[in-house]
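Reading the structure
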Amino acid sequence: MTAQIIDGKESAAQLRSSVAGHVAWLKEEHGITPGLAVVLVGGDPASEVYVRNKGRQTIEAGMSSLEHKLPTETSQADLLALIEQLNSDPDIHGVLVQLPLPSHLNADLVINAIDPAKDVDGFHISNVGLLGTGQNAMVPCTPLGCLMLLRSHLGDLSGLEAVVVGRSNIVGKPMAQLLLNDSCTVTIAHSRTRDLASFCRRADILVAAVGRPEMIPGDWIKPGATVIDVSINRIARDGKQQLVGDVDFGSAAEVAGAITPAPGGVGPMTIACLLANTVTACCRAHRLSEPEGLTL
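Summarised in this report is the structure supplied together with it.

What counts and what doesn't
- Residues numbered from 1 in each chain as written.
- Predicted model: local features only at pLDDT ≥ 70, side-chain atom pairs only at ≥ 80, totals over all residues.
- Heavy atoms only, no water.
- Pairing = 2+ DSSP bridges.
- Helix = DSSP H or I, 4+ residues; strand = E, 2+ residues; numbered from the N terminus.
- Contact = heavy atoms within 4.5 Å.
- Axes fitted to C-alpha atoms, helices over the stretch in contact; angles between N-to-C directions.
- Patch = residues over 30% accessible without salt bridge, like charges linked within 9 Å, V, L, I, M, F, W, Y side chains within 5 Å.
- Areas by Shrake-Rupley, 256 points an atom, 1.4 Å probe, with all protein chains shown as cover.
- Salt bridge = Lys/Arg side-chain N within 4 Å of Asp/Glu carboxyl O.
- Lys, Arg positive; Asp, Glu negative; His and termini not counted.
- Charge placed at Lys NZ, Arg CZ, Asp CG, Glu CD.
- Buried < 20%, exposed > 50% of the residue type's maximum accessible area, 1.4 Å probe, protein only.

The next thing to look at is the sheet that holds strand β1 (residues 4-5). On the basis of which strands lie adjacent, the open sheet formed by 6 strands has the order β1-β11-β8-β7-β5-β6 and parallel pairing. Here the strands that pair on one side only, and so sit at the sheet edges, are β1 and β6 (185-189). Lying on the sheet, helix α6 (residues 141-154) is in contact with β1, β7 (205-208), β8 (226-229) and β11 (258-259); it crosses β8 at an angle near 160 degrees. Packed on one face of the sheet, helix α7 (residues 172-181) meets β5 (161-165), β6 and β7 and runs near 170 degrees to β5.

In structure tokens form, the structure reads like this:
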């Protein structure tokens, strides 16, 4: 292996430490405790684990954590009423509705009911528009974490050619916008792109977020490129369950200059950026200077 491993766990730990420092400052200097409310509808096991981790890390950072666990049969009206309640609560600075929602609920309607200023997931259409026009937005956590890792490793991204494989509203599209805002030359590709390999081989920065296990082999990667593997896919191998990314790590690490492992790369940064977004939202709500290192 020749590639440098980009350690998302270490970077996330540093970011959480910075968040905790800002939270302590808000408490000591202004008597304010940032508050994050998470809403979980139904009993999806993966979502329950994720919500539990969010709550634990929120408390560890010194913030207030509020969880609303609702039954699967919760109506659209009841869920929207809860969101309105959280929107109007001055002690809550971030509101997050865990996805996916049960099929009878309209996720777009629910997300867009959240106050954009409290939308710490960055999914509200207003924040999407602000990000797309280079204005002050709440930035989706996973793309924000990817950008932080890239800036930390590469420094100035200006002029680099970036290829994002994946076009989701949650990762692919906002990732491309963030890279464009950092003056990269950006291509969005996806599973139906013709001759996808040729696009990948051009990339100085390759972000894989398509959700297909080990879809990108090492011979698709430009020598020395920086590879950010966003996805976590569960596969069966040799009779055992294994977690892998969208990139074939073994072959890619022989070619790339740097690469994130999966798991252990982007994932830890996602929750750390959620905490950072909550502190940022708190500062904006109280018209305080935005904390350095937690925003773009």
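This next bit is on a positive patch on the surface. A surface patch of like charges, here positive, comprises R167, K173, R192 and R212. For R192, the position within the fold is in the loop between β6 and α8 (196-200). On the basis of relative accessibility, which here comes to 69%, the residue R192 falls in the exposed class.

This part takes up the environment of G145. Relative to the helices and strands, G145 is located in helix α6. Assessed through its relative accessible area of 1%, G145 is described here as buried. Measuring from C-alpha to C-alpha, the distance between G145 and M269 comes to 5.1 Å, with 124 residues separating the pair along the chain. Filtering out sequence-adjacent residues up to four positions away, G145 remains in contact with M269 and C273.

With parallel pairing, the 3 strands of this open sheet are ordered in space as β3-β2-β4. With one partner strand each, in any of the chains shown, β3 (64-70) and β4 (94-97) form the two edges of the open sheet. Here the average twist between neighbouring strands, direction ignored, is 15 degrees. Relative to β3, strand β2 (residues 35-41) runs parallel, the two sharing 7 bridges. The residue bridging V41 from the neighbouring strand is L70, located in β3.

The values reported here are purely geometric and, on their own, carry no functional implication.
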